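# Structural characterization, general
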Amino acid sequence: MLEIKNLHVEIDDKKILNGLTLTIHPGEVAAIMGPNGSGKSTLSYVIAGKEDYTVTEGDILLNGESILEMEAHERAAAGLFLAFQYPLEIPGVATMTFLKAAMNAQAKARGEAELSPGDFMRKVRGAAEKLGINPDMLKRPLNVGFSGGEKKRMEILQMTLLDPAYCILDETDSGLDIDALRIVAEGVNALRGAGRGMLVITHYQRLLDHIVPDKVHVMAKGRIVKSGGPELAHELEKDGYANYTEAA
Amino acid sequence: MAPSVVQMRTAAETALIEWFEAEAPALVGAAEERAAAMERFKAQGLPGRRVESYHYTDLRSVMRSLAPSATSSATSVPAALFEGLGGHRLVFVDGRFTQDAETPAELTIQPLQDALKVGLTPGRAMGKASDVVVDLNTALMRDGAYIRVAGNTALPEPLVLDFIQTAHEANAILARVIIEVGAGSTLTIVETHRGKASLAYQSNTMVELVLGEGARVEHIRVNEAGDRALVLSTLAARLEGGSALSSLSFSSGGETVRQQSFITYAGENASLDLRGATMIRGRQHCDNTLVVDHAVPNGISRELFRTVADDEAHGVFQGKIIVRPHAQKTDGQMASNALLLGDEAAMSNKPELEIFADDVVCAHGATCGSLEESQLFYLMARGLPRPQAEALLVEAFLGEVLEAVSGEALRDSLSARISEWLAARQAA
């Protein structure tokens, strides 16, 4: 279970999150929708362990244990994965090298054996093929010169290979055309189930046509202001966020 | 009229002049060049901050005294730095030249003194450039080697120039190697510098290269000098028409290091790829200074220098591209990028373009910064602990410079040295 309890977060003395409470159960896909500036990306960064933010109150618990004192890499090894809205370009680091380093680092942190080079290659090639990723791309520096769609597919590839317990997808639909959106959504859907929890953060309802959530939460001014089923997303698409931003 | 200021000679300057006067009768050949070089030195002395080309590397303060001239403690020829590399190795033990194997048929090798005695002229590769470190080398050089590669010859294995300091006391080392590569020939030169730790020895070595028409030379200079050493290392090259030189300076050793490259285009359509990878920490100082002189039209030059400085280390890059009035269609691109890992680390970047022709493409860029926090966070969010994420980014930063090294074994070996340097940094 991933529990966010009464979370208050500041950056540069500016309050971004104001008592946000949210629980994601194993196997559940929750969506957070909200207008720009509501704190959606901050929430994803704080869960992943970005250091620029100060948690002034509240807690984040993974399977009952607080993760606030853990560094980003420890949270990753504990089973958290953030799919970035803007995946970073890492010049000079071949994608394959990076994937191997990440998988081995997590295996090491969990006290597991590293994959053999042969198993690693098979696993990566197999997962890449399902996402329509050209094997040549894996030899190129990570995300450098990749299109928006390619970068997002690369995020889903990493998610597949790292096999996390909870995934946070931050605006995964941004910058994607319809075809790319479908491929990415299929990749995400393939990872549903098996007790894996997901938090899908999005501004638009469009993504939720492809990744149908179990729950929808509306976020405004740094807190959850309404929760409901998938139908809530359609209401929002029709009526907009105005009611909520005013109410919050 | 400004009053002329006569600086007092420092102990080192006096010692250098006395050394020359005492040694002169024993120095063989190139009498005129030696005398002229010593006259210039007497007039200028060791350059300090007021001399523009030494502004960031104040040799006058760094070299307070002169170490005694070289003695060797070696009883046998030390093993090569890159053991698996093979090739033909010339060893300069405390500046004294020895060869550890028979000369391959493609090469003619002579001790420098023998070549000077029969009229070899030093300094041909310097072109119009003048430099005090080179002048001292010319005036005082005693030992070294002269190597000739006949025309249209491809050497299958590298020529290794192994400069090694072995004495137990700090000493002064001087050596000069002059290499002429015949028209259409191909050669790889691996130049390595090593010495004892915790010894303030002083090394002034120079490699002069003359590339005949269409010759291709790859030169890799590796500095792993002792941690207290003063390392003055010069490459001078003269490029005849259609020749190509690629030169990489890979540096992590020494306390104060000045690596100079003076390149002169003597014929059209020659090309140059100059690169540098520098890793410094503690209070190390490493200066890469280049003068690229496009004296003729249609020359291409590329310069890419990367510096990683930790702790209080100071990196210097001075790159001057000169395009003479008739050197039309020159294409020069120069970049120096530095990554500062330590809060007190510093980089001084000084790119200079002196262009006197109107139909040229020349550009330079210099950057200096720390590791990108956003990139580090991305890597950490995938499970890499911070030190490993930092190492991956630094390796990538320097790795780009190594791409030009054509020999895979050597490239891997240099790459492993970057990893070792980073591992030592994290262990500290």
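Residues numbered from 1 in each chain as written. Chains lettered and ligands numbered in written order. Predicted model: local features only at pLDDT ≥ 70, side-chain atom pairs only at ≥ 80, totals over all residues.

## Thoughts on the overall build of chain B
What chain B contains, in helices and strands, is eight helices and 19 strands. In terms of overall size, chain B behaves like a compact globule, its C-alpha atoms giving a radius of gyration of 21 Å where 428 residues would be expected to give roughly 22 Å. Projected onto its principal axes, the C-alpha positions of chain B cover 70 × 60 × 45 Å. Looking at chain B as a whole, 50% of its 428 residues are labelled buried. (Helix = DSSP H or I, 4+ residues; strand = E, 2+ residues; numbered from the N terminus. Rg over C-alpha atoms; globule rule 2.2 N^0.38 Å. Buried ≥ 20, exposed ≤ 12 C-beta atoms within 10 Å, placed from the backbone.)

## Overview of the overall build of chain A
The helix and strand inventory of chain A stands at nine helices and ten strands. With respect to the three principal axes, the spread of C-alpha positions in chain A is 55 × 40 × 35 Å. In chain A, which comprises 248 residues, the proportion classed as buried is 40%. Here the contacts in chain A between residues at least 6 apart in sequence split such that 71% fall between residues at least 24 apart. (Contact = placed C-beta atoms within 7 Å.)

## A word on the domain arrangement of chain B
Residue and element names in this part refer to chain B. Each assigned domain of chain B is listed with its residue range as follows: domain 1 (11-370) and domain 2 (372-428). Of note, the centres of domain 1 and domain 2, computed from C-alpha atoms alone, are 27 Å apart. With 20 residues of domain 1 at the interface, the matching set in domain 2 holds 16 residues. When contributions to the side of domain 1 that touches domain 2 are tallied by element, the ones reaching two or more residues are β9 (216-224), β11 (244-251), β13 (271-280) and β15 (300-309). Looking at which element gives the most residues to the side of domain 1 that touches domain 2, the answer is β13, with five residues. (Domains from an automatic or database assignment.)

## Quick word on the interface of chain B and chain A
In this assembly, 16 residues from chain B lie in contact with 21 residues from chain A. Elements with a contribution of two residues or more to the side of chain B that touches chain A: α6 (373-380) and α7 (386-402) of chain B. Residue contributions to the side of chain B that touches chain A peak at six residues, all from α7 of chain B.

## Let's talk about the packing of helix α2 (residues 31-44) of chain B against helix α5 (residues 132-140) of chain B
All names here are of chain B. Packing of α2 against α5 brings their axes to within 8 Å, and their N-to-C directions diverge by 135 degrees. The angle between the axes of α2 and α5 places the two elements in the oblique class. As α2 runs across α5, the sense of the crossing is left-handed. Contact residues: Glu33, Arg34, Ala37, Met38, Arg40, Phe41 and Gln44 in α2; Val132, Asp135, Leu136, Thr138 and Ala139 in α5. (Axes fitted to C-alpha atoms, helices over the stretch in contact; angles between N-to-C directions. Parallel < 35°, antiparallel > 145°, perpendicular 65-115°, else oblique. Left-handed = near helix turned anticlockwise from the far one by under 90°.)

## As for the environment of Gln259 of chain B
Locating Gln259 of chain B in the fold gives a position in strand β12 (residues 256-265). When neighbours within four sequence positions are excluded, Gln259 of chain B is seen to be in contact with Arg221, Asn223, Ser233, Ser249, Ser251 and Asn288 of chain B.

## A look at the sheet that holds strand β6 (residues 80-83) of chain A
The pairing of strands in a sheet comes from backbone hydrogen bonds and takes either a parallel or an antiparallel form. Residue and element names in this part refer to chain A. The sheet built from six strands is open, its strands ordered β6-β7-β8-β3-β9-β10 with mixed pairing. Edge strands, defined here as strands with exactly one partner in the open sheet, are β6 and β10 (223-228). Going from strand to strand, the sheet's axes swing by 20 degrees on average, the running direction of each strand aside. The sheet contact formed by strand β9 (residues 215-220) and β10 spans five bridges and is antiparallel. Within β10, the residue paired with Met219 across the bridge is Ile224. (Pairing = 2+ DSSP bridges.)

## Section: unusual backbone geometry
Of note, the phi angle at Asn6 of chain A is positive, near 45 degrees, even though the residue is not glycine. You can see Asn6 of chain A is positioned in strand β1 (residues 2-11). Within the chain, Asn152 of chain B stands out as a residue other than glycine whose phi angle is a positive 50 degrees. With respect to the secondary-structure elements, Asn152 of chain B resides in the loop between β4 (144-149) and β5 (159-164). Given 13 C-beta atoms within 10 Å, Asn152 of chain B falls into the partly exposed group.

## Quick look at the confidence of the model for chain B
Residues with a pLDDT of 70 or more make up 98% of chain B, whose mean pLDDT is 94. Confidence estimates for the predicted assembly give a pTM of 0.91 and an ipTM of 0.96. (pLDDT = per-residue confidence, 0-100.)

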